[in-house]
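Structural characterization, general
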Amino acid sequence: GIDTSKLLSTTGRVALDIGFVNTAACTSAITYIDGDAGILRYRGYPIDQLAGKASFVEVSYLLIYGELPTADQLAEFDSRLRRHTLLHEDLKQFFRGFPRDAHPMPVLSSAVSALSTFYQDSLDPFDERQVEISTLRLLAKLPTIAAYAYKKSVGQPFLYPDNSLGLTENFLRMTFGFPAEPYEVDPDLAAALDMLFVLHADHEQNCSTSTVRLVGSSQANLFASISAGINALFGPLHGGANQSVLEMLESIQREGGDIPSFVKRVKNKEPGVKLMGFGHRVYKNYDPRAAIVKQTADTVLDKLGGDNELLDLARQLEEIALSDDYFVERKLYPNVDFYTGLIYRAMGFPTRMFTVLFALGRLPGWIAQWREMINDPATKIGRPRQVYTGATERSFVPLSER
Ligand code: ACO
């Protein structure tokens, strides 16, 4: 109901773009998306050429430093990461303070925020050496923090990292292993999870990444900015969608698997009923990440003994939606989260850990974007304008006269 011809701010005309549908807030050389063609590239490399071929640590290096590492560069980066996996013993106390049934996402963001209290000598955003050490600490410690958030929720003891293992293997061991027992990392499981991390590693100016940039634009430190990004990711319209998709599939299954009646409720826009895992602000074609996840869901679920009934349900749901005018007209396709939950479930993760896995994957993208922002001389503090719709000037009435 706003008359857009009257969009005047105190300093002149402003553009009203709710949700930043058409407004670019920065320039960036990291990730390219063509939403109509279903293209995603990290630093120029198409996602399908990276997924399954480059490791997550390798892709993290690519995103952050701009080029694929040589074998020597990768070995050095990997070994530097392995030296930073431990959490300070005092930070471990934090986990005990949360209720047993705490959702692991706020545990994750709190612990990341708390990292800045342990590393107060490396918070200067303009000191390259300090940014570098904070980058390594974050990349190396987030898997440990995530595993401890899980251990806390199931009441099991924390495991120290085993630095003979790579990042993803170490995370799996700290999550599913026990102190007194040897844990054999299943290489297929580790490879599948590593690939899912690669698929999530960056996605240009999405809600959480824009949050990281906005917080960082005030020159807040890297830990504070990433912690804010984790909180933005938690919402069900963003990273929280992977949890919501599985809950939706289970609820359809519980109600007898009647997909057409569920789709009808979605189309009738019943409050709170959406086809979770469908639709995207930028992709108006099949999400290329979803295509890769869909291909792998089959093999991974067969190998790990996942819930094929839920996978069948997901496939039928997709088929029905993609041939329905409501979804066709609105260009709604499955996004990356439509099939990931089924794989995470087959791997043994509880539903509430799904968004944590997304955060682990997205971390290098957040860091790369924060570093690009802080090093860009054009960066200004993020400060959107508004169109004021409140009362015009009126006179104060003292309390006794109201
Ligand atoms: N189910 C049913 N209808 C939908 C869906 C959906 N999942 N997504 C969009 N629509 C409809 C809207 O109701 C709207 O219809 P209308 O034109 O009749 O009003 C139309 O499609 C356009 O949708 P918008 O909400 O305007 O699109 P927007 O770009 O603002 O939202 C979003 C994108 C948030 C991803 C949305 O599609 C959604 O809520 N999807 C479900 C949640 C989800 O899967 N999120 C994960 C996103 S990807 C990620 O973060 C990894």
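Looking at an unreviewed UniProt entry, one finds the protein chain named Citrate synthase and attributed to Geodermatophilus poikilotrophus.

Attention now goes to the overall build of the protein chain. Helix and strand counts for the protein chain come out as 17 helices and 5 strands. At 23 Å, the protein chain has a C-alpha radius of gyration in line with the 21 Å of a compact globule built from 402 residues. Each principal axis of the C-alpha atoms in the protein chain carries an extent, and together these give about 70 × 55 × 50 Å. Taking all 402 residues of the protein chain together, the buried fraction comes to 42%. Restricting the contact set of the protein chain to residue pairs at least 6 apart, pairs at least 24 apart contribute 76%.

When pLDDT is averaged along the protein chain, the result is 93, and 97% of the positions lie at 70 or above. For this predicted complex, the interface confidence reaches an ipTM of 0.95, while the overall pTM sits at 0.93.

As a matter of local geometry, the ligand sits amid 19 residues, with A241, K274, L275, G279 and R281 nearest to it. Taken together, the residues that form the shell around the ligand break down as 8 nonpolar, 7 polar and 4 charged.

This part covers the pairing of strand 3 (residues 31-34). Only one face of strand 3 is covered, namely the one carrying T31 and I33; the face carrying Y32 and D34 has none of its residues buried. The antiparallel hairpin formed by strand 3 and strand 4 (residues 39-42) contains 4 residues in its connecting segment, where G38 sits at a positive phi of about 70°.

Attention now goes to the nonpolar core. With 107 residues, the main nonpolar core has L108, A146, V198 and I343 as its most contacted residues. Top contributing element to this core by residue count: helix 17 (residues 354-375), with 12 residues. Setting aside residues no more than four positions away along its own chain, V198 makes contact with L50, A51, A54, F56 and V59.

Moving on to the sheet that holds strand 5 (residues 45-46). The strands making up a sheet associate through backbone hydrogen bonding, with each pair oriented either parallel or antiparallel. Read from one edge of the open sheet, 3 strands run 3-4-5, paired in antiparallel fashion. Edge strands, defined here as strands with exactly one partner in the open sheet, are strand 3 and strand 5. Relative to strand 4, strand 3 runs antiparallel, the two being bridged by 4 bridges. Considered in strand 4, the bridge of D34 is made with I39.

This brings us to the packing of helix 8 (residues 187-200) against helix 17. Viewed as axis vectors pointing N to C, helix 8 and helix 17 meet at an angle of 60°, and their least axial separation amounts to 7 Å. On the basis of the axis angle, helix 8 is oblique to helix 17. For the element pair helix 8 and helix 17, the recorded crossing hand is right-handed. In contact with L196, F197 and H200 of helix 8, helix 17 contributes F358, L360, G361 and R362. Here the contact of helix 8 with helix 17 is composed, by residue class, of 4 nonpolar, 2 polar and 1 charged.

All right, on to the UniProt feature "active site" (unreviewed entry) in the protein chain then. Following the UniProt record, the feature "active site" (unreviewed entry) maps to H280 and D337 here. Separation in sequence by 58 residues is not matched in space for these annotated residues, since their most distant C-alpha atoms are only 10.7 Å apart. In this fold, D337 is placed in helix 16 (residues 337-347). By the C-beta count within 10 Å, which is 28 here, D337 ends up buried.

The backbone phi angle of F20 is positive, close to 50°, even though this residue is not glycine. Here F20 shows up in the loop between strand 2 (12-13) and strand 3. The backbone of K331 sits at a positive phi, close to 55°, despite the residue not being glycine. Mapped onto the elements, K331 comes out in the loop between helix 15 (325-329) and helix 16. The exposure class of K331 is partly exposed, given the 13 C-beta atoms found within 10 Å.

So, on to helix 2 (residues 56-65). Judged by how many residues are buried, helix 2 sits mostly within the fold: 8 of 10 residues are covered. Of the positions making up helix 2, those classed as buried are F56, V57, V59, S60, Y61, L62, L63 and I64. G66 occupies a position one or two residues after helix 2 and carries a positive phi of about 95°.

Turning our attention to the environment of A378. Relative to the helices and strands, A378 resides in the segment after helix 17. When the C-alpha positions of A378 and T27 are compared, they lie 9.2 Å apart, and in sequence the two are 351 residues distant.

With that settled, the discussion passes to the pairing of strand 4. What you see with strand 4 is a clean split: L40 and Y42 sit on the buried side and I39 and R41 on the side with no burial. Summarising the sheet, strand 4 and strand 5 pair through 2 bridges and their orientation is antiparallel. Bridge pairing in strand 5 places R41 opposite P46. The antiparallel hairpin formed by strand 4 and strand 5 contains 2 residues in its connecting segment, where R43 sits at a positive phi of about 50°.

This brings us to the packing of helix 6 (residues 128-154) against helix 7 (residues 167-176). Axis separation between helix 6 and helix 7 bottoms out at 8 Å; the angle between their running directions is 20°. Our classification of the angle between helix 6 and helix 7 gives roughly parallel. Note on packing geometry: the crossing formed by helix 6 with helix 7 is right-handed. Between helix 6 and helix 7, the residues in contact are P143, T144, A146, A147 and Y150 and L167, N170, F171, M174 and T175, respectively. Of the residues contributing to the contact of helix 6 with helix 7, the split by class is 7 nonpolar, 3 polar and no charged.

Definitions and limits used
Residues numbered from 1 in each chain as written. Predicted model: local features only at pLDDT ≥ 70, side-chain atom pairs only at ≥ 80, totals over all residues. Helix = DSSP H or I, 4+ residues; strand = E, 2+ residues; numbered from the N terminus. Rg over C-alpha atoms; globule rule 2.2 N^0.38 Å. Buried ≥ 20, exposed ≤ 12 C-beta atoms within 10 Å, placed from the backbone. Contact = placed C-beta atoms within 7 Å. pLDDT = per-residue confidence, 0-100. Near = placed C-beta within 6 Å. Nonpolar A, V, L, I, M, F, W, Y, C, P; charged D, E, K, R; others polar. Pairing = 2+ DSSP bridges. Core = buried A, V, L, I, M, F, W, Y, C linked by C-beta atoms within 7 Å. Axes fitted to C-alpha atoms, helices over the stretch in contact; angles between N-to-C directions. Parallel < 35°, antiparallel > 145°, perpendicular 65-115°, else oblique. Left-handed = near helix turned anticlockwise from the far one by under 90°. UniProt positions renumbered as here; feature names shortened; annotations may be inferred.

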